[in-house]
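An overview of the molecular structure
Here's the letter readout for the chains.
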Amino acid sequence: MKCPNCKKEMIVVERSEVELDYCMFCEGFWFDWGEWNILCKKLISQNFLDEPSDLYNIPPTVSGEKPRRCPVCGKKMEKFTLFDILLDRCPNKCGVWFDKNEFSACVNAMNTSAKEKNEEINFLGEVFSR
């Protein structure tokens, strides 16, 4: 799969059912919609979230940034804000794109003590907050 940011080929990183496409060049990564839902369930089970997080219930955010194309379907992605962080999502629900450090910023916005209990979150934080 090609990176929606720099157009380089991404690699697959997997841990505990969560599979991400990671760009070694710009250090961004892609959550397919299924992986995002798996992560949300894990976040709920570890008390990070109170309810399932449907990113499509969050209204789009107007931004001056040029829209990126979804690496799955090619459609222009829309911007939305999660934890005061501007992210990209596919309007066809293919997935969510995180630029370098955006996911770790989302994790840091969550409860730190709960984060320490969750192996998947710690792994993602270690990999993507370099």
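Every value quoted in this text rests on a predicted model; they were computed, and no experiment measured them.

Re the side chain of K79
Within the element layout of this structure, K79 appears in strand β4 (residues 78-82). Within the local environment of K79, its side chain forms a polar contact with the side chain of E65, the two groups lying 2.7 Å apart. Beyond its immediate sequence surroundings of up to four residues, K79 is in contact with P60, T61, S63, E65, K66, R68, L86, L87 and D88.

What to know about the pairing of β4
Along any regular strand, the residues point their side chains to alternate faces of the sheet. Pairing geometry for β4 and strand β5 (residues 85-89), over five bridges, is antiparallel. Paired with L82 across the strands is I85, a residue of β5. The hairpin turn running from β4 into β5, its antiparallel successor, is two residues long, and F83 in that turn takes a positive phi close to 55°.

Side note on the pattern of salt bridges
Under the counting rule described, the total for this entry stands at seven salt bridges. With a closest N to O distance of 2.6 Å, K79 and D88 form a salt bridge. Connected through shared salt-bridge partners, E65, R68, K79, D88 and D99 make up one network.

Some words on the sheet that holds strand β6 (residues 95-98)
Read from one edge to the other, the open sheet built from six strands follows the order β1-β2-β3-β6-β5-β4, with strand pairing classed as antiparallel. Whereas interior strands pair on both sides, the edge strands pair on one side only; in this sheet they are β1 (11-15) and β4. Put simply, the sheet's adjacent strands are angled 30° from each other on average, direction ignored. In the packing of helix α2 (residues 102-109) onto the sheet, contacts are made with β3 (29-32), β4, β5 and β6, and the angle to β5 comes to roughly 125°.

Examining the nonpolar core
With 32 residues, the main nonpolar core has F31, W36, L55 and F98 as its most contacted residues. Of all the elements in the fold, those that place two or more residues in this core are β2 (18-22), β3, α1 (33-45), β4, β5, β6 and α2.

Criteria and thresholds
- Residues numbered from 1 in each chain as written.
- Predicted model: local features only at pLDDT ≥ 70, side-chain atom pairs only at ≥ 80, totals over all residues.
- Heavy atoms only, no water.
- Helix = DSSP H or I, 4+ residues; strand = E, 2+ residues; numbered from the N terminus.
- Polar contact = N/O pair within 3.5 Å; in protein donor to acceptor, adjacent residues only side chain to side chain.
- Contact = heavy atoms within 4.5 Å.
- Pairing = 2+ DSSP bridges.
- Salt bridge = Lys/Arg side-chain N within 4 Å of Asp/Glu carboxyl O.
- Axes fitted to C-alpha atoms, helices over the stretch in contact; angles between N-to-C directions.
- Core = buried A, V, L, I, M, F, W, Y, C linked by side-chain atoms within 4.5 Å.
- Buried < 20%, exposed > 50% of the residue type's maximum accessible area, 1.4 Å probe, protein only.

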